[in-house]
Amino acid sequence: MLLTVSLFNKGSFLGSLINKCRPLAPPANISLRGPPSVAASTKVTIEEKVGLPIRPKKPLTPYFRFMKELRPKIVASNPKMSLVDIVRQVSKKWESADPSLKQRLQEEYKKEQQEYVEKRTKYESKITDEQRNQIKELKQEKVEAKERRMMRRRIKDLGRPKKPASAFIRFIAKERIRTPQTAQQTFREWHQAATQRWSVLSPAEKEIYMQESRKDFETYRKEIAQWEEKMIRLGHIDVVRQTNLIDPPEIKPKKR
């Protein structure tokens, strides 16, 4: 069992093969029978964000050229085969592949690698210092965003109690039932109308929602304290809050 886990670890050799193989499969938002979605076709690279063309791509190594040629044939003969099994089969066939085929793939790689170096050198020479700094900042932002996503996922996996809804969110949830969005409305228009209805509620009417929020928030305070105590005992100090909880804001009466 331990051997199986280590083989498919993301940092392992086989894991890297699987990751490199993944882009060949259609993304979730792309139909196998239709054109790519707008979101997929309009993805902007970091270089494009600073006004540069797309960076030249490194050529595929001989092995991944072999995989690119062979994988469609394997999938066509066995559409239900898992990605892991496809990688295994490609690896076995590569080991017994004809030397002349490997030589051809190696020559193609060397030729494209030389072209890539020339394109990359020319590309780099056109980047200004300002653009380099912008690219560096955007890459750092991307790394930090990924770390935040991973932390949110980790906190969720560790079972952190969910923060209760505010008074306004509770009102909006009930409005979706009482006065649902019509076919002629966009969600933005419906939300603006619901927000307007909230703004004209009397303090007494808003207090009903505030009481519900306070009650659930008190329960949440106890649950989060117990959870954080447990996390400290288990050594997950990084998921414990650094600041105290902030109570839900009180509704201030309007001045007359």
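Cut-offs and rules
Residues numbered from 1 in each chain as written. Predicted model: local features only at pLDDT ≥ 70, side-chain atom pairs only at ≥ 80, totals over all residues. Heavy atoms only, no water. Helix = DSSP H or I, 4+ residues; strand = E, 2+ residues; numbered from the N terminus. Buried < 20%, exposed > 50% of the residue type's maximum accessible area, 1.4 Å probe, protein only. Contact = heavy atoms within 4.5 Å. Areas by Shrake-Rupley, 256 points an atom, 1.4 Å probe, with all protein chains shown as cover. 1 Å grid on protein atoms, 1.4 Å probe; cavity = no way out; pocket = protein on both sides within 12 Å on 5 of 7 lines; lining within 4 Å. Points joined across faces, edges and corners; volume = space filled by probe spheres on them. Nonpolar A, V, L, I, M, F, W, Y, C, P; charged D, E, K, R; others polar. Domains from an automatic or database assignment. Patch = residues over 30% accessible without salt bridge, like charges linked within 9 Å, V, L, I, M, F, W, Y side chains within 5 Å. Salt bridge = Lys/Arg side-chain N within 4 Å of Asp/Glu carboxyl O. Lys, Arg positive; Asp, Glu negative; His and termini not counted. Charge placed at Lys NZ, Arg CZ, Asp CG, Glu CD. Core = buried A, V, L, I, M, F, W, Y, C linked by side-chain atoms within 4.5 Å. Phe/Tyr/Trp six-rings, centres within 6.5 Å; stacked < 30°, edge-to-face > 60°. Lys NZ or Arg CZ within 6 Å of the ring centre and 35° of its normal. Expected span 1.5 Å × (residues − 1). pLDDT = per-residue confidence, 0-100.

### Points about the overall build of the chain
Check the secondary structure of the chain and you find 11 helices and zero strands. Mapped in sequence order, the helices and strands of the chain form the string α-α-α-α-α-α-α-α-α-α-α. Each of the 256 residues in the chain was classed as buried or not, and the buried ones make up 23%. Within the chain, contacts between residues separated by at least 24 positions form 67% of all contacts whose residues are at least 6 apart in sequence. A total of about 19,600 Å² of accessible surface is found on the chain, and carbon and sulfur atoms cover 56% of it.

### A closer look at the layout of surface pockets
Within this model, the second largest pocket holds a volume of roughly 480 Å³. What lines the second largest pocket is a set of 14 residues, and nearest its centre among them are V44, T45, I46, E47 and K142. Per-element accounting of the lining of the second largest pocket gives the leading share, four residues, to helix 8 (residues 129-157). Per-class residue counts for the lining of the second largest pocket are five nonpolar, one polar and eight charged. When we break the lining of the second largest pocket down by domain, the ones giving at least three residues each are domain 1 (47-127) and domain 2 (129-158).

### Looking at a negative patch on the surface
On the surface, E137, E141, E144 and E147 cluster together into a negatively charged patch. Position of E144 among the secondary structure elements: in helix 8.

### Observations regarding the nonpolar core
Residues Y63, F64, F66, M67, L70, I74, M81, I86, V90, W94, A97 and L105 constitute the largest nonpolar core, which totals 12 residues. In terms of nonpolar packing, the next biggest core, distinct from the first, is built from nine residues, F171, A194, W198 and Y209 among them.

### Details of the packing of aromatic side chains
Summed over all chains, the structure comprises nine aromatic pairs. Among the aromatic residues, those joined into a cluster by ring pairs are Y63, F64, F66 and W94. Across from the ring centre of W94, 4.8 Å away, lies the NZ or CZ of K102, which sits over that ring. A cation over an aromatic ring shows up here: R176 above the ring of W190, its NZ or CZ 5.4 Å from the ring centre.

### Remarks on the side chain of R170
By the element assignment, R170 lies in helix 9 (residues 167-178). Relative accessible area serves as the criterion here: at 15%, R170 is assigned to the buried category. Setting aside its immediate chain neighbours within four residues, R170 contacts P164, A165, Y209, E212, S213 and D216.

### Observations concerning the environment of M210
As for its position among the elements, M210 is in helix 11 (residues 203-234). A sequence separation of 42 residues divides M210 from F168, and the C-alpha atoms of the two residues are 8.4 Å apart.

### Side note on a positive patch on the surface
Together, K43, K49, K139, K142, K146, R148, R149, R152 and R153 make up a region of like positive charge exposed at the surface. Its place among the elements puts K142 in helix 8.

### Details of helix 9
Because each turn of an α-helix spans 3.6 residues, side chains separated by three or four positions in sequence point in the same direction. Compared with an ideal rise of 1.5 Å per residue, which puts 12 residues at 16 Å, helix 9 spans 16 Å between its outermost C-alpha atoms and is within 8% of the ideal. All of the buried residues in helix 9 are A167, R170, F171, I172 and E175.

### Here we look at the confidence of the model for the chain
Averaged over all residues, the pLDDT of the chain is 83; the fraction at 70 or higher stands at 78%. Here residues 1-11 scores under 50 on pLDDT; set against residues more than four positions off or in separate chains, the count is 12 contacts. Throughout residues 23-40 the model reports pLDDT below 50, and contacts reaching past four residues in sequence, or to other chains, amount to 10 contacts.

### Quick look at the environment of V75
As for its position among the elements, V75 is in helix 5 (residues 62-77). As a C-alpha pair, V75 and I86 span 11 residues in sequence and 7.9 Å in three-dimensional space.

### Quick word on helix 11
Here helix 11 spans 45 Å end to end across 32 residues, near enough to the 46 Å set by a 1.5 Å rise per residue. Here helix 11 has its buried residues at K206, Y209, M210, S213, F217, Y220, I224, W227, E228 and M231. Turning to helix 11, the residues buried within the fold contact helix 8, helix 9 and helix 10 (187-199). Where helix 11 terminates, the next one or two residues include G235, which has phi positive at roughly 90°.

### What about the environment of E137?
Residue placement: E137 occurs in helix 8. Here the alpha-carbon distance between E137 and I46, two residues 91 residues apart in the chain, equals 9.9 Å.

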